[in-house]
Amino acid sequence: MGCVVNGPGEAREADVGIAGGIGEGVLFRKGEIVKKVPEAQLLSALLALVDEL
C-alpha cells in the first residue's frame, strides 16, 4: 500500500496492492494493474480483490 508517488512501485511487489491518489486509487494483482477506482469505493474493491484469491 502506498502513496501516489511511491505506491505504484510498492504495490507491484505485492500479491494484492493499492496505490492511492487524490480522489481515486489503483488496484494491483501480482504486479499488474487491475483497475482504477474512485476513493469512495476503494475499500470494497480491495476486499473483493482479496476475496478472489
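Everything here concerns the structure above.
Keep in mind it's a predicted model, so treat the numbers as computed, not measured.

Calculation criteria
- Residues numbered from 1 in each chain as written.
- Predicted model: local features only at pLDDT ≥ 70, side-chain atom pairs only at ≥ 80, totals over all residues.
- Heavy atoms only, no water.
- Buried < 20%, exposed > 50% of the residue type's maximum accessible area, 1.4 Å probe, protein only.
- Helix = DSSP H or I, 4+ residues; strand = E, 2+ residues; numbered from the N terminus.
- Arc of directions from axis to C-beta.
- Pairing = 2+ DSSP bridges.
- Axes fitted to C-alpha atoms, helices over the stretch in contact; angles between N-to-C directions.
- Contact = heavy atoms within 4.5 Å.

1. Side note on helix α2 (residues 42–52)
- Within α2, the full set of buried residues consists of L42, A45, L46 and L49. For α2, the arc enclosing every buried residue in end-on projection is 100°, short of the 170-degree limit, so these residues lie on one face. Exposed residues pointing more than 90 degrees away from the buried face of α2 are listed as L43 and D51.

2. Let's talk about the sheet that holds strand β2 (residues 24–29)
- Spatial strand order, β1-β2-β3: three strands in an open sheet with antiparallel pairing. Two strands in the sheet have a free side with no partner beyond their single neighbour: β1 (16–20) and β3 (32–38). Across the sheet, the mean angle separating the axes of adjacent strands is 25° when strand polarity is ignored.
- Across five bridges, the pairing between β1 and β2 is antiparallel. Bridged to I18 within β2 is L27.
- Each of β1, β2 and β3 touches α2; the most contacted strand, β2, lies at about 5° to it.

3. Focus: the pairing of β3
- Strand direction decides the pairing type here: β2 and β3, joined by six bridges, are antiparallel. Opposite E24, over in β3, you have P38 as the bridge partner.
- The loop that links β2 with its antiparallel partner β3 comprises two residues; one of these, K30, has a positive phi angle of about 50°.

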